Amino acid sequence: MASIDYTERIPNNVGLGEDRRLQRALEEWQPKFIAWWQDVGPHGFQATEVYLRTAVSVDPQGWAQFGYVRMPEYRWGIFLAEPEPARVIPFGDHKGQPVWQDVPGEYRGVLRRLIVTQGDTEPASVEQQRHLGRTCPSLYDLRNLFQVNVEEGRHLWAMVYLLDAYFGRDGREESEALLERRSGDPDKPRILGAFNEKTPDWISYLMFTYFTDRDGKYQLASLAESGFDPLARTCRFMLTEEAHHMFVGETGVGRVVQRTCELMRDGRTDDVRKHGAIDLPTLQKYLNFHYSVSLDLFGSEISTNAANFYAMSLKGRFEETKKNDDHRLQHATYPVTQLDGETLRVREHPALPSLNERLRDDYIADCQRGLDRWNRIIREHGIDFELTLAHRAFHRKIGTFADVRVSPEGRLLTEAEWGVKKREWLPSPEDEAYVQSLMQPVTERGQFANWIAPPARGVNGQPVDFEYVRLA
Ligand SMILES: [Fe+2]
Ligand SMILES: [Fe+2]
């Protein structure tokens, strides 16, 4: 029942063949997508065979198949998680009603905006990562990069399906626009800030997959609760793929930490730069940067939009159905950190407009779990250093902290103090140049760049020295 029809030009489990209009719309969009992929997708490697996984079912057990694929021939398609029988809306004003199979007329504009905003991040990250292939630290890492890239491409397909299937002509126009905006382009930028930042090196990339893809997890998880059932089912399947992106980040940063600690211990030195590795203070700066720009993605602490999305039963909380409250939140409050004159203070606020902050809190707790694992590696090497998450007010551009300067410990600073100290907290041009100098490709089987340890195991039971990408 969950199997995917691969005889179709567009693999899908939504019965696309029975909807001629939609099929035609998507078949018209398909060559534009491929043109976009060729134009701003991974630079080079388009004729290279890569050991990739492709979704072949939405069954949580055994949903993917592995094999060599040339990226432009990847079977991008439309896969929704199986419908939950008799599902009812779990939250908001429509709580308890049967879920919607069509877009409620009064929420059309809002829902379209939510889908477009999510959809825009997917091609953006592919654009941000397009030059990384040239400087891969190993074939294993190169393969993982391309796996993430093709899946972000598929996530774009997922959102375009919703737009084309449920939003008529407006939806089709939005689908085109998703291929026209470009990450970092001043004239037609991507919608959200973090998706216009550069990902110029592999340290940035690993931090991006840890912190920014994790924002994706939390956004998708709250949309997976939506009363609009096709959106909920789409997001539920996207989360299956998203887990791999965060795995790349968590294990990738962990392997950098591991390598650095080995060199520190064996060379009895803190100065691992002379061995061509990333010192822990530099890693902390990259962490600070990617964490803070990812915190911005959750939006303002107090947000009428967030309240409306929830009241309209369009976007829920993380793990909405596991929570024990009235799922309407009209009378509830939530503690929110805010700027109060010269101090940062936690105050109870009405819960509905605080939903962005609540999702950010869930995210922060999840981020900390990876740091705990990285810090364990450091401790196991007998090294006295701890990676930390900066205060939520540090280096923010969105929300109540956008206009103030705050240290990673949460101390308010003058502009002058910030100017002096920021090089200790964020990557300086010298740090960036140093990291860039390490970005030399390593493409022999089983070999790894000196700044990163090999992974504990290979992909899909294959050995670490497997030919994950056939470069010859
Ligand atoms: Fe994605
Ligand atoms: Fe992702």
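Residues numbered from 1 in each chain as written. Chains lettered and ligands numbered in written order. Predicted model: local features only at pLDDT ≥ 70, side-chain atom pairs only at ≥ 80, totals over all residues. Heavy atoms only, no water.

Draft legend 1. View of the sheet that holds strand β2 (residues 64-70). If you walk across this open sheet you meet the three strands as β2-β1-β7, and the pairing is antiparallel. Looking at which strands have only one partner, the edges of the open sheet turn out to be β2 and β7 (469-470). The pairing of strand β1 (residues 49-55) with β7 spans two bridges and is antiparallel. Bridge assignment links Glu 49 to a residue of β7, and that residue is Arg 470. Set on the sheet, helix α3 (residues 139-166) makes contact with β1, β2 and β7; between it and β1 the angle comes to about 40°. (Pairing = 2+ DSSP bridges. Helix = DSSP H or I, 4+ residues; strand = E, 2+ residues; numbered from the N terminus. Contact = heavy atoms within 4.5 Å. Axes fitted to C-alpha atoms, helices over the stretch in contact; angles between N-to-C directions.)

Draft legend 2. Expanded view of the coordination of the iron ion (ligand 2). Binding of the iron ion (ligand 2) to the protein goes through Glu 152 (OE), Asp 213 (OD), Glu 242 (OE) and His 245 (ND1), at separations of 2.0 to 2.2 Å. As a motif over one chain, the donors of the iron ion (ligand 2) read E-x60-D-x28-E-x2-H. Here the iron ion (ligand 1) and the iron ion (ligand 2) are spaced 3.4 Å from one another, each receiving a donor from Glu 152. Taken together, the residues Glu 152 in helix α3 and His 245 in helix α6 (residues 229-266) connect sequence positions 93 residues apart. By relative accessible area, His 245 is classed as buried at 0%. (Donors = N, O, S within 2.8 Å, 3.2 Å for Na, K, Ca; no water. Buried < 20%, exposed > 50% of the residue type's maximum accessible area, 1.4 Å probe, protein only.)

Draft legend 3. Region of the structure containing the side chain of Ser 354. Counting through the fold element by element, Ser 354 comes out in the loop between β4 (343-350) and α9 (355-380). Reaching out from Ser 354, the side chain makes a polar contact with the backbone oxygen of Pro 350 at a distance of 2.7 Å. If near-sequence neighbours (up to four positions away) are discounted, Ser 354 is found in contact with Glu 301, Ile 302, Tyr 334, Val 336 and His 349. (Polar contact = N/O pair within 3.5 Å; in protein donor to acceptor, adjacent residues only side chain to side chain.)

Draft legend 4. View of the pairing of β1. Most of β1 sits inside the fold, with six of its seven residues counted as buried. Sheet topology places β1 next to β2; seven bridges connect them, and they run antiparallel. Bridge pairing in β2 links Thr 54 to Gln 65.

Draft legend 5. Molecular detail of a positive patch on the surface. Taken together, the side chains of Arg 20, Arg 21, Arg 24 and Arg 172 make up a positively charged region of the molecular surface. Within the secondary structure, Arg 20 is located in helix α1 (residues 20-40). On the accessibility criterion, Arg 20 (54% relative accessible area) is exposed. (Patch = residues over 30% accessible without salt bridge, like charges linked within 9 Å, V, L, I, M, F, W, Y side chains within 5 Å. Areas by Shrake-Rupley, 256 points an atom, 1.4 Å probe, with all protein chains shown as cover. Salt bridge = Lys/Arg side-chain N within 4 Å of Asp/Glu carboxyl O. Lys, Arg positive; Asp, Glu negative; His and termini not counted. Charge placed at Lys NZ, Arg CZ, Asp CG, Glu CD.)

Draft legend 6. Broad picture of the coordination of the iron ion (ligand 1). Each protein donor to the iron ion (ligand 1) is listed here as Glu 122 (OE), Glu 152 (OE) and His 155 (ND1); together their distances run 2.1 to 2.2 Å. For Glu 122, a relative accessible area of 3% puts it in the buried group. Residue Glu 152 is classed as buried on the basis of its relative accessible area of 2%.

Draft legend 7. Looking closely at the packing of α1 against helix α4 (residues 168-180). Two elements in contact, α1 and α4, have axes separated by 10 Å at closest approach and are oriented at 10°. Between α1 and α4, the interaxial angle falls into the category roughly parallel. Contacts from Arg 21, Ala 25, Trp 29, Lys 32, Phe 33 and Trp 36 of α1 reach α4 at Arg 172, Ser 175, Glu 176 and Leu 179. Of the residues contributing to the contact of α1 with α4, the split by class is five nonpolar, one polar and four charged. (Parallel < 35°, antiparallel > 145°, perpendicular 65-115°, else oblique. Nonpolar A, V, L, I, M, F, W, Y, C, P; charged D, E, K, R; others polar.)

Draft legend 8. A look at the layout of surface pockets. Size it by volume and the largest pocket reaches roughly 930 Å³. Mapped onto the lining of the largest pocket, the elements with two or more residues apiece are α2 (108-128), α5 (202-223), α7 (280-296), α8 (304-311) and α9. Partitioned by chemical class, the residues of the lining of the largest pocket number 19 nonpolar, 14 polar and twelve charged. (1 Å grid on protein atoms, 1.4 Å probe; cavity = no way out; pocket = protein on both sides within 12 Å on 5 of 7 lines; lining within 4 Å. Points joined across faces, edges and corners; volume = space filled by probe spheres on them.)

Draft legend 9. Quick look at empty space enclosed by the protein. All told, the structure shown has two cavities of 30 Å³ or more when counted by the stated rule. Looking at the largest cavity, its volume works out to about 50 Å³. Around the largest cavity, the lining residues are Gln 128, Ala 194, Glu 197, Lys 198, Thr 199, Phe 208, Thr 212, Phe 289, His 290 and Val 293. Every element with two or more residues in the lining of the largest cavity is listed here: α5 and α7. Considering every element that reaches the lining of the largest cavity, the biggest residue donor is α7, with three residues. Looking at the lining of the largest cavity, its residues break down into four nonpolar, four polar and two charged.

Draft legend 10. Structural view of the pattern of salt bridges. Evaluation of the coordinates by the stated rule reveals 42 salt bridges. Between Arg 396 and Glu 301 there is a salt bridge, and its shortest N-O distance comes to 3.7 Å. Here Arg 396, found in the loop between α9 and β5 (405-406), pairs with Glu 301, found in the loop between α7 and α8; they are 95 residues apart in sequence, far enough to count as distant. Among the residues examined, Glu 301 registers a relative accessible area of 2% and is labelled buried. When salt bridges with common partners are traced through the structure, they connect Asp 296, Glu 301, Glu 357, Arg 360, Asp 361, Arg 392 and Arg 396 into a single cluster.

Draft legend 11. Structural detail: the packing of α6 against α9. It is the contact of α6 with α9, at a shortest axis distance of 9 Å, that shows an interaxial angle of 20°. Viewed along their axes, α6 and α9 adopt a mutual orientation that is roughly parallel. Relative to α9, α6 is oriented so that their crossing is right-handed. Taking contact as the criterion, the partners of Gly 249, Glu 250, Val 253, Gly 254, Val 257, Gln 258 and Cys 261 in α6 are, on α9, Gly 370, Arg 373, Trp 374, Ile 377 and Ile 378. Looking at the contact of α6 with α9 residue by residue, the classes come out as six nonpolar, four polar and two charged. (Left-handed = near helix turned anticlockwise from the far one by under 90°.)

Draft legend 12. Just the environment of Gly 399, in detail. Position of Gly 399 among the secondary structure elements: in the loop between α9 and β5. Separated by 52 residues in the primary sequence, Gly 399 and Arg 347 place their C-alpha atoms 16 Å from one another. Every residue in contact with Gly 399, bar those within four places of it in the chain, is listed here: Ser 300 and Glu 301.

Draft legend 13. Molecular detail of the side chain of His 395. Mapping His 395 onto the fold places it in the loop between α9 and β5. Its relative accessible area of 14% is what places His 395 among the buried residues. Within polar-contact distance, the side chain of His 395 engages the side chain of Ser 292 at 2.8 Å. For His 395, the contacting residues outside a window of four places in its chain are Phe 289, Ser 292, Val 293, Val 406, Trp 418 and Leu 426.

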